[in-house]
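# Descriptive analysis of the structure
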Amino acid sequence: MIPAIEKGSLEEIKIFQEKKLVELLDYISQNSPFYKRLFAGQNIDISKVKTLEDLQFLPVTTKEDLQQYNDDFLCVPQHKIIDYASTSGTLGDPVTFGLTDSDLDRLAYNEAISFACAGIAEGDVVQLMTTIDRKFMAGLAYFLGLRKLKVGVIRVGAGIPEMQWDSILKYNPSYLITVPSFLLKLIEYAEIHGIDYNNSSIKGAICIGESLREQDFSMNILFKKITDKWNIKLFSTYASTEMSTAFTECEHGKGGHHHPELIIIEVLDENNQPVKNGETGELTFTTLGIEAMPLLRFKTGDIVQLHNEPCACGRNTLRVGPVVGRKKQMIKYKGTTLYPPAMNDVLSSFDTIENHLIEISTNDLGTDEILIKIASKNQTPEFLQEIKDHFRAKLRVTPKIEFASKEVLNPLVFNPMSRKPIRFFDYRNI
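Here we summarise the structure given alongside this text. Computed from a predicted structure; not experimentally measured.

### Quick notes on the environment of Leu-183
In this structure, Leu-183 sits in helix H7 (residues 180-192). Exposure remark for Leu-183: the relative accessible area of 0% places this residue in the buried category. Residues Leu-183 and Pro-161, spaced 22 residues apart in sequence, show a C-alpha to C-alpha distance of 9.1 Å. When sequence neighbours within four positions are dropped, the list of residues in contact with Leu-183 reads Leu-176, Thr-178, Ala-205, Cys-207, Ile-226, Trp-230 and Leu-234.

Laid out in structure tokens, this is it:
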């Protein structure tokens, strides 16, 4: 199930997107209070924007814009809103998104072609191990996409290894949709309770919320920890509520595939200019085909690299590499630039570490200070020194590290009000 446009030439894809861009600009200039005001205030003549290169002459949209003027982005009357979703609020106050009936169809199409990219097909059964309530767009999107693919869905929800295994053993799903670190808990439960997980029905897992690969697409520590024990295929996927679009890996694992019929993507530098080919920058997108709340040049805050070499799967689309980190979570520590994912990878290499979190604050000198709290089965001074040495070897610096109990860390990391583990706490702006 590869859409024809995704197998088209780069020139065909570009022409297609430019036609859609013109349609979008016309639509938001007539229907979006926010963009009407923005274009008038900056004397922007959208009729002059014809190509993807012309995008750089248009202003960007930020998360702060969405938070401050949330309702002004709505392009349809309220009675046309069928579903209300909200962002997770990872980097600020949550934002509400309304979806029309047409938007829900688009969401289903996006997930159907994304799951098909990972090899899920009609006849499969998929266990959904994420919440579908709490205005969580992704959970609903997964269900709609699987339904469109004519795939069976077991809506178990998040957590509780015993319940997950009961369902797996009863319904024999072929794929799981889950946060990848939870797969380690499934393995642990299976080993304790004598479940032969390598002879279960599970063939693969679509993994959300956590990175599985290094920048060269090799397996990171979390990926290795899972697959060293459980012989299943893992697929990374990257998405956000704001874009209502997913970038999912195919079987070749070389980045999340771009769906050009749904979204235009750019990678921008600090001055909102496109980076050179192969360089990292902030992923910025323009949505296509959204009726209720389309976005123009929206800056995600995620630092990524795009890849445009041909993929063996037959798609000619761009691919988004693993997220290096979030722009707002960048840390300058002793002359070194760090992002939380790099520190998470270092800590993941120690089997005795049961949980951890990272706190960032500003010290008396006005520079970033890092404190890592870990819950570990081994709390000896020798093990603490081993961790510090590993940090120095991998990242060239050693942050402050201290032991804590699981009872203290677990409620913070696994906050019941959050859809994914929270391991990064930034106190620099408090």
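Don't stop here, the text continues.
### Points about the pairing of strand S7 (residues 233-240)
Here four bridges tie strand S6 (residues 204-207) to S7, and the two strands are oriented parallel to one another. Opposite Ile-206, over in S7, you have Phe-235 as the bridge partner. As a crossover connection, the stretch from S6 through helix H8 (residues 221-227) into S7 is right-handed. With four bridges connecting them, S7 and strand S8 (residues 245-248) associate as antiparallel partners. Bridge pairing links Ala-239 to Ala-246 in S8. Counted between consecutive antiparallel strands, the loop separating S7 from S8 contains four residues, among which Ser-244 sits at a positive phi close to 50°.

### Points about the packing of aromatic side chains
Two aromatic rings, taken as a pair, are described by how far apart their centres are and by the angle between their planes. One pass over the structure, following the stated rule, counts eleven aromatic pairs. Each ring, one from Phe-34 and one from Tyr-35, has its centre 5.1 Å from the other, and the planes form 85°; the classification is edge-to-face. Of the two residues examined, Phe-34 and Tyr-35, each falls in the buried class. Consider the rings of Tyr-197 and Trp-230, whose centres lie 5.8 Å apart with planes at 75°: the pair is edge-to-face. Of this pair, Tyr-197 sits in the loop between H7 and S6 while Trp-230 is found in the loop between H8 and S7, placing the two residues 33 residues apart along the sequence. With respect to class, Tyr-197 is no different from Trp-230; both count as buried.

### Thoughts on the packing of helix H9 (residues 340-348) against helix H10 (residues 381-395)
How two helices sit against one another is set out by the angle between their axes and by the gap between those axes. Taken N-terminus to C-terminus, the directions of H9 and H10 make an angle of 135°; their axes are 10 Å apart at the nearest point. As far as their axial angle goes, H10 and H9 are oblique. Handedness of the H9/H10 crossing: right-handed. In this structure, H9 contributes Ala-342, Met-343, Val-346 and Leu-347 to the contact, and H10 contributes Ile-387, His-390, Phe-391, Lys-394 and Leu-395. Class assignment of the residues belonging to the contact of H9 with H10 gives a composition of seven nonpolar, one polar and one charged.

### Section: the sheet that holds strand S19 (residues 400-403)
One open sheet holds the four strands; their spatial order is S19-S18-S17-S20, and the pairing between them is mixed. A strand with exactly one partner marks an edge of an open sheet, and here the two such strands are S19 and strand S20 (424-426). The mean angle between the axes of side-by-side strands here comes to 20°, regardless of whether they run parallel or antiparallel. The pairing of strand S17 (residues 353-362) with S20 spans three bridges and is classified as parallel. Each residue of the ladder has a partner; that of Ile-358, found in S20, is Phe-424. Each of S17, strand S18 (368-376) and S20 is contacted by H9, which is oriented at about 150° to S17, the strand it contacts most. Each of S17, S18 and S19 is contacted by H10, which is oriented at about 150° to S19, the strand it contacts most.

### A look at the environment of Ile-232
Residue position: Ile-232 is located in the loop between H8 and S7. Sequence separation between Ile-232 and Gly-204 is 28 residues, and the spatial gap between their C-alpha atoms is 4.8 Å. Excluding residues within four positions of it along the chain, Ile-232 makes contact with Ile-202, Lys-203, Gly-204, Ala-205 and Thr-227.

### Overview of the pattern of salt bridges
Counted by the stated rule, this structure contains 24 salt bridges. Note that Arg-319 and Glu-309 form a salt bridge whose closest N and O atoms lie 3.1 Å from each other. You can see Arg-319 sitting in strand S13 (residues 319-320) and its partner Glu-309 sitting in the loop between strand S12 (298-307) and S13, a full ten residues away along the chain. Classification of Glu-309 as partly exposed rests on a relative accessible area of 41%. Between Glu-354 and Lys-406 there is a salt bridge, with its nearest N and O atoms 3.5 Å apart. Taken as a pair, Glu-354 in strand S17 and Lys-406 in helix H11 (residues 406-413) lie far apart in primary sequence, 52 residues in all. Residue classification places Lys-406 among the partly exposed positions, given a relative accessible area of 35%.

### Structural notes on the nonpolar core
One finds Leu-25, Tyr-35, Phe-39, Leu-66, Ile-265, Leu-295 and Leu-296 to be the most contacted residues of the largest nonpolar core, which totals 38 residues. Broken down by secondary-structure element, the contributors of at least two residues to this core are helix H1 (10-31), helix H2 (33-41), strand S10 (263-268), strand S11 (280-287) and S12. The contacts of Phe-39, once residues within four sequence positions are left out, are Leu-25, Ile-28, Ser-29, Ile-44, Ile-46 and Leu-296. Counting 22 residues, the second-largest nonpolar core is a separate cluster that includes Leu-186, Ile-187, Leu-212 and Ile-226.

### Describing the side chain of Ser-236
If you trace the backbone, Ser-236 turns up in strand S7. Aside from chain neighbours lying at most four places away, what touches Ser-236 is Cys-207, Leu-212, Phe-247, Thr-248 and Glu-249.

Criteria and cut-off values
Residues numbered from 1 in each chain as written. Predicted model: local features only at pLDDT ≥ 70, side-chain atom pairs only at ≥ 80, totals over all residues. Heavy atoms only, no water. Helix = DSSP H or I, 4+ residues; strand = E, 2+ residues; numbered from the N terminus. Buried < 20%, exposed > 50% of the residue type's maximum accessible area, 1.4 Å probe, protein only. Contact = heavy atoms within 4.5 Å. Pairing = 2+ DSSP bridges. Right-handed = clockwise from strand over helix to strand, strands pointing away. Phe/Tyr/Trp six-rings, centres within 6.5 Å; stacked < 30°, edge-to-face > 60°. Axes fitted to C-alpha atoms, helices over the stretch in contact; angles between N-to-C directions. Parallel < 35°, antiparallel > 145°, perpendicular 65-115°, else oblique. Left-handed = near helix turned anticlockwise from the far one by under 90°. Nonpolar A, V, L, I, M, F, W, Y, C, P; charged D, E, K, R; others polar. Salt bridge = Lys/Arg side-chain N within 4 Å of Asp/Glu carboxyl O. Core = buried A, V, L, I, M, F, W, Y, C linked by side-chain atoms within 4.5 Å.

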